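# Structural overview for review
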Amino acid sequence: MLNRRNLLLGAGSATLAAGGLSALRASAGVSLEINSRETGFDFGGGLTQGLVSTADGAPPPVIRLKQNEAAQLRFTNGVDDYSTVHWHGIRVPNAMDGVPYLTQLPTRRGEAFDYAYTPQDAGTFWYHPHCVTMRQMAHGFTGILIVEEEEDPGFDLDLLLNLKDFRLGNEAELLDYFTPRGAARGGTLGNVMTTNWQRAPRYDVPAGGLVRLRIAATDTTRIYRVVLPDVDGEIIAWDGHPVEDPIPWPSREAPLFLGPGQRVDVAIRVPDGGAPLDILGMHGLEPMTFASLNPTGTSLGRDLAELKPLPRNPVTDFDLASAERRDLIFGWSPDGMIPNNGLCGSVEYTFWSINRDPWQGDASGMGPLANLELGKSYVFRLQNESPNDHPIHLHGLVFKPISSNQRKIPQNWTDTVLLHKNEIVDIAFVADNPGDWAFHCHVIEHQKTGLSGYIRIS
Ligand code: C2O
Ligand code: CU
Ligand code: CU
């Protein structure tokens, strides 16, 4: 069918649609190839060597799968480190989760690992290594993964913004991604903030059109404070799932906090023309620009009301009346045990603890943080006893924050909840996916220095 939309998509907007990212699209029976490799890239101040992306170039490609269609993804490790790939937010069978020693052995250079799963949830997810995670992620190996709805919701353009910082020196060389001082506090921040590895890129968007913005925070450390332009729009999905409890449109006074691992989908009705729209970050004294959207062409004359609401994903509702309760306290570490991550590297420090013990990592020899019964409902009380923020992430399942001691927390399905200073958040979920599931802070320096364990569902 030839309508304005198809014309627009057919007119070579494939790269535009992805924000200049290359795309790998699943097709039945064909394995997508993800070949990691070392790469150089110029962020604007000279060539930076030693980055990690894939054979498709840099940044890592966006992977597009279809809801309820089987996907095969072959990961071939092309860097010297051992590695694995984890599909953040996707509810996969445990063996496909990409967590070394917990669900698979690390993949060595030149070796391949075949991942196969059928995504049941449509939405915005992402992928990253889970072995030598600190280095490979800090150096760039973080990509967006989109699971398309079975029925097209009707946007004119799908624009992805992968937010990621790099830490570069004067000669554009990579600086240390890990500092003990940073790890013991909020984490070591980058000094070059990028969107799709560009600084403040400008994208053409169709005037009068409907754009789906998918913003993913894939940095190892930074909690982004996002401000959206003052236009007609709505936050339609949060961490991969359609919003059920509305999230207010962020402003400079009240930006949207997006912690490492989190994603937000926004529907925007582009004005019929006029100045570029800036997506801002409230970092430092002046707001900085993540990206600007340049209304282009004659108005498509669309209306937000023309969008089909995103269908709810098949998540099972918990039962609070029968839910069992567990407490998890996140704080500093009482002493300095060295976590042992086998072939996946160790940073040789502990600064953080769960329930007052520094945990030894995703596949901790200390056993699971909790043993849960398959099919039962649970409420976890997550308590941050520190002045630092912690984006707490659970693999394999989704949960809903149901209360906070500090704020009215939107109750939406998620895989990562950001705990602010001294915040206590109750989360609820059904333990409906059997296996050992990593559970950790997504500030990777925290994850690697004690704030990481796993839960067992059987
Ligand atoms: Cu996004 Cu355990 O990770
Ligand atoms: Cu994950
Ligand atoms: Cu943390």
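The rules behind these values
- Residues numbered from 1 in each chain as written.
- Chains lettered and ligands numbered in written order.
- Predicted model: local features only at pLDDT ≥ 70, side-chain atom pairs only at ≥ 80, totals over all residues.
- Heavy atoms only, no water.
- Pairing = 2+ DSSP bridges.
- Helix = DSSP H or I, 4+ residues; strand = E, 2+ residues; numbered from the N terminus.
- Axes fitted to C-alpha atoms, helices over the stretch in contact; angles between N-to-C directions.
- Donors = N, O, S within 2.8 Å, 3.2 Å for Na, K, Ca; no water.
- Buried < 20%, exposed > 50% of the residue type's maximum accessible area, 1.4 Å probe, protein only.

### Thoughts on the sheet that holds strand β5 (residues 71-76)
One open sheet holds the four strands; their spatial order is β3-β2-β5-β7, and the pairing between them is mixed. The strands lining the two open edges of the sheet, one partner per strand, are β3 (47-54) and β7 (112-117). In this sheet, adjacent strand axes meet at a mean angle of 25° when their direction is disregarded.

### A short note on the coordination of the copper ion (ligand 3)
Put simply, a metal with four donors set out as a tetrahedron has ideal angles of 109.5 degrees, and one with six donors set out as an octahedron has ideal angles of 90 or 180 degrees. Surrounding the copper ion (ligand 3) are the protein donor atoms H390 (ND1), C441 (SG) and H446 (ND1), at 2.0 to 2.1 Å. Spacing between the donor residues of the copper ion (ligand 3) along their common chain follows H-x50-C-x4-H. On the criterion of sequence distance, the pair formed by H390 in strand β25 (residues 390-394) and H446 in helix α5 (residues 444-447) is long-range, its members being 56 residues apart. The burial state of H390 is the same as that of H446; both residues are buried.

### Here's the deal with the pairing of strand β6 (residues 85-88)
Covered by surrounding structure in β6 are V85 and W87 together with H86 and H88, the residues of both alternating faces. Across four bridges, the pairing between β6 and strand β8 (residues 123-129) is antiparallel. When the sheet's bridge partners are listed, H88 is paired in β8 with W126.

### A closer look at the environment of G154
Mapped onto the fold, G154 is located in the loop between β9 (143-148) and β10 (157-166). Separated by 78 residues in sequence, G154 and D232 have C-alpha atoms that sit 16 Å apart.

### A short note on the coordination of the copper ion (ligand 2)
Coordination of the copper ion (ligand 2) by the protein comes from H86 (NE2) and H393 (NE2), over a distance range of 1.9 Å. Taken together, the residues H86 in strand β6 and H393 in strand β25 connect sequence positions 307 residues apart. The pair formed by H86 and H393 is uniform in burial state, with each residue classed as buried.

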